[in-house]
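Fold and geometry: a report
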Amino acid sequence: MEIATLKDLHPDHWQKSAAIRVLAMDAVEQANSGHPGMPMGMADVATVLFERHLKFDASAPDWPDRDRFVLSAGHGSMLLYALLHLTGYQDMTLEQVRNFRQWGSITAGHPEYGHAKGIETTTGPLGQGLANAVGFAIAEEALRARFGKKVFDHHTYVIAGDGCLMEGISHEAIGLAGMQQLSKLIVLWDDNAISIDGDVSLSDITDQKLRFKAAGWKVLDCNGHDPEDIDRALTKAKQSKKPTMIACKTTIGYGAPTKAGTAKAHGSPLGADELAATRAAYGWSHDPFVIPAEIKSAWEGVGKRGSIARSEWETRFATLSSSRQAEITRVLDGSAPKRLASVIRGLKRQISETAPKVATRKSSEMVLAAINPVTPETIGGSADLTGSNNTLTPDLGIFGPSDRKGRYVHYGIREHGMAAAMNGMALHGGIKPYGGTFLCFTDYARGAMRLSSLMGVPVTYVMTHDSIGLGEDGPTHQPVEHLAMLRATPNVNVFRPADTVETAEAWELALTSERTPSVLALTRQGLPTVRTNHKMKNLTAHGAYVLADAEGKRKAILMATGSEVAIALEAREILQAQGIGTRVVSMPCWELFEQQDETYRRRVLPGGPVRVAVEAAIRFGWDRWLYGERGKREKSGFVGMHGFGASAPIGDLYREFGITAEAVAQKAKDLIEGRWQPDPRA
Ligand SMILES: Cc1ncc(C[n+]2csc(CCOP(=O)(O)OP(=O)(O)O)c2C)c(N)n1
């Protein structure tokens, strides 16, 4: 649709959408970086969505029953910032818009969760927002089933670009949403046929509409510059029993005389001449960042449109029993249920007394069996490894189109989609998601896992088969570098528990974490209980602690995690038998140990004794504890992996790779007797 026609037929709409366009153009120009084309192209769609469909109240951005709006094409961030400013979100001032992409502003290059109200999730890595939205929609279904539609009854809208749909993660997200019949999920595809390199046809000829249809979606079309057509499609989408994708035919950089419809409008300022010419084409005579009062006030009216629905919701909420209100408030706040701590303590006591020999993946199942019944906000799942990850407990039921009260999601073989959906659920609020796969396939989930950390959402990753200890599946499945990679990631607690007691403690910490995701690295193979002395206190909360102290003069400290703690204890026996006083330090979570004060760390790892670290993974990162923390290079050694694993039975692998109690004891003795040798790979 030509500008003249649009202005003529829909003058009010035009003014509103033009305000988005010029704010985007001006902010990108001022910042001298950013992406004007997408906001200019999608301004009409966004205007109709916000004006006629999106249930929101700009004065109450956290209202739990608001519709969620996800800008998956996060490079078009100015579209969102303009909408938030125009509709009257308090924190999104004009000053913030002027400071687009500057240090300290809330208008970051890409929308970042927590920076400004109205940003539901961090987007920018293409496809993530779309996949988060699947989690938002799952959370809404689950909460509606649990608390009723008086309290939870809202849609999730997504704007996604060609890039989002080309990314592999979109395939996982679309497949999952289609199967789950998430009818309140509506995706608006910015079908402008342009990406950075040029025409999308340079790299993709997929029929996206057929693709969505094939995955079980309803598919609609609209002219993305015709408000009535956009409205018609959105109205129809809301009646669908399936998730809906609306292909919105748009022109990138709409109205820019020489750049519209080309990749030149995608990711750089229009430039002074083009900017002036575009203003002229729009008939927009106002100075940069000036929005005429009547247009601003019309937009503010849109921002208030939802206030009636919101106050009606508050009235309905107030009619609920006080215990129901308290429970809803609790799950939305993310506070742990009262009984969680006592259930964990009870299990710890029982395990310390009976000392079972079980794999920590099984330990995790035992813990979940105890905590899931008292924590109704958990939604578990696995990427098709349920029996191996031990993530399903008998009380959960399966979440699906015919049972929204089920609390277990069969994610299918979709690690990345699972991780992103979990982010969405956690961000929605009211749900504590956990999901499993093999630790090695962290690689496949990595894009979304990084965002869990960046956004500070407390999801829990249950990563089993955590070392060569998985045996015959071989090196393709044996993680060696993954712990290091996870530990290198800011803001994630990487737990590698040694037994069921530590596993229970790790779960307690994961479920009570407020701003940090957790990874539980769990074994396939059986492990003895090493914590046979019941302690009420959560020792894992310290990150590392003295599990067995030296008898006699302390000459060696053995540090280990997970399955290698038992090996360290055996090595200690050998050394003690030879009169060498040896301390064993279990280090289930380095990140938490780092957070302890100096005095505690000094107490656990005093300078003086030789140190040997043992972990069936590569050494990377261990030096911090070997000689960075009051240790000495010539008095420290590492027993672990130096490359990829191999396909063989577990016993052979540990022996062949030299990860044995004898090797650990020998290393300690060599160090004590001054026979230090540099590790060529360290
Ligand atoms: C995972 C990921 N890969 C690459 C990029 C860099 N990037 C940002 S936008 C973009 C092109 C997106 O094209 P499209 O979705 O069609 O956006 P439009 O050109 O319509 O604005 C790319 C490659 C990114 N943000 N995320």
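This text gives an overview of the structure that appears in the document. Computed from a predicted model, the values in this text were never measured in an experiment.

With respect to the overall build of the chain
- Scanning the chain from terminus to terminus reveals 27 helices and 18 strands.
- Whereas a compact globule of 682 residues would reach a radius of gyration of roughly 26 Å, the chain reaches 28 Å, a difference of no more than 12%.
- Overall, the chain is about 95 × 55 × 45 Å in size when its C-alpha atoms are taken along their principal axes.
- When burial is assessed residue by residue, the chain has 61% of its 682 residues classed as buried.
- The long-range fraction of contacts in the chain, counting pairs at least 24 apart against all pairs at least 6 apart in sequence, stands at 78%.
- Here the chain has roughly 24900 Å² of accessible surface; of this, 51% comes from carbon and sulfur atoms.
- For the chain, the distance from the average site of its 77 positive side-chain charges to the average site of its 77 negative ones is 6 Å.

Overview of the pattern of salt bridges
- Per the counting criterion, the structure on display carries 44 salt bridges.
- A salt bridge links K249 to D191, with the nearest nitrogen and oxygen atoms 3.4 Å apart. A residue pair is termed long-range when its members are at least 10 positions apart, and K249 in strand 5 (residues 244–249) and D191 in strand 3 (residues 185–191) qualify at 58 residues.
- For the salt bridge of R330 with E377, the shortest nitrogen-to-oxygen distance reads 2.7 Å. Of this pair, R330 sits in helix 14 (residues 322–333) while E377 sits in the loop between helix 16 (360–371) and strand 7 (378–382), and the two are 47 residues apart along the sequence.
- A residue is classified by how much of its surface remains accessible, and R330, at 15% relative accessible area, is buried.
- The network of salt bridges with shared partners includes E594, E598, R601, R602, R624, E629 and R630.

As for the site of the ligand
- Neighbouring the ligand are 16 residues, the closest being H75, G163, N192, I194 and H266.
- Here D162 contributes a side-chain N or O atom positioned 3.0 Å from an oxygen atom of the ligand.
- Measuring from an oxygen atom of the ligand, one finds a side-chain N or O atom of N192 at 2.7 Å.
- Burial of the ligand by the protein amounts to 74% of the accessible area it has alone, namely 590 Å².
- Of the residues that constitute the shell around the ligand, the class distribution is 6 nonpolar, 7 polar and 3 charged.

Some points on the packing of aromatic side chains
- All chains considered together, the criterion is met by 15 aromatic pairs.
- Ring centres of W14 and Y282 lie 5.3 Å apart, and the angle between their planes is 80 degrees; this geometry places the pair in the edge-to-face category. On the criterion of sequence distance, the pair formed by W14 in helix 2 (residues 11–31) and Y282 in helix 11 (residues 272–282) is long-range, its members being 268 residues apart.
- With a centroid separation of 5.4 Å and an interplanar angle of 80 degrees, the aromatic rings of Y434 and W507 are classed as edge-to-face. Pair noted here: Y434 is in strand 9 (residues 432–438) and W507 is in helix 21 (residues 500–512), with a separation of 73 residues, a long-range link. Just as Y434 is buried, W507 falls in that class too.
- A connected cluster of aromatic rings, assembled from ring pairs, spans W590, F593, Y600, W622 and W625.

A short note on the sheet that holds strand 9
- In spatial order, the strands read 8-7-9-10-12-11; together these 6 strands make up an open sheet with parallel pairing. Both edges of this open sheet fall to strand 8 (408–410) and strand 11 (493–495), since each of them pairs with a single strand only. Across the sheet, the mean angle from the axis of one strand to that of its neighbour is 20 degrees, orientation sign disregarded.
- Of the strand pairs in this sheet, strand 11 and strand 12 (residues 518–521) are connected by 3 bridges, and their pairing is parallel. Across the sheet, N493 pairs through a bridge with S518, a residue of strand 12.
- Docked against the sheet, helix 18 (residues 415–428) engages strand 7, strand 9 and strand 10 (460–464), running at close to 165 degrees with respect to strand 9.

What about helix 16?
- Taking 1.5 Å per residue, 12 residues should reach 16 Å; helix 16 reaches 16 Å between its end C-alpha atoms and fits that length.
- Turning to helix 16, its buried residues are T360, R361, S363, S364, V367, L368 and I371. The buried residues of helix 16 occupy an angular sector of 150 degrees when the element is viewed end-on, so they sit on one face.

Looking at the pairing of strand 18 (residues 636–640)
- In terms of burial, strand 18 is a largely internal element, 5 of the 5 residues being buried.
- Side-chain alternation along strand 18 places S636, F638 and G640 on one buried face and G637 and V639 on a second face that is also buried.
- When strand 17 (residues 610–615) meets strand 18, the two strands line up parallel, connected through 5 bridges. Bridge pairing in strand 18 links E615 to G640.
- Following the backbone out of strand 17, through helix 25 (residues 623–628) and into the adjacent parallel strand 18, one traces a crossover that is right-handed.

About the thresholds
Residues numbered from 1 in each chain as written. Predicted model: local features only at pLDDT ≥ 70, side-chain atom pairs only at ≥ 80, totals over all residues. Heavy atoms only, no water. Helix = DSSP H or I, 4+ residues; strand = E, 2+ residues; numbered from the N terminus. Rg over C-alpha atoms; globule rule 2.2 N^0.38 Å. Buried < 20%, exposed > 50% of the residue type's maximum accessible area, 1.4 Å probe, protein only. Contact = heavy atoms within 4.5 Å. Areas by Shrake-Rupley, 256 points an atom, 1.4 Å probe, with all protein chains shown as cover. Lys, Arg positive; Asp, Glu negative; His and termini not counted. Charge placed at Lys NZ, Arg CZ, Asp CG, Glu CD. Salt bridge = Lys/Arg side-chain N within 4 Å of Asp/Glu carboxyl O. Near = heavy atom within 4 Å. Polar contact = N/O pair within 3.5 Å; in protein donor to acceptor, adjacent residues only side chain to side chain. Nonpolar A, V, L, I, M, F, W, Y, C, P; charged D, E, K, R; others polar. Phe/Tyr/Trp six-rings, centres within 6.5 Å; stacked < 30°, edge-to-face > 60°. Pairing = 2+ DSSP bridges. Axes fitted to C-alpha atoms, helices over the stretch in contact; angles between N-to-C directions. Expected span 1.5 Å × (residues − 1). Arc of directions from axis to C-beta. Right-handed = clockwise from strand over helix to strand, strands pointing away.

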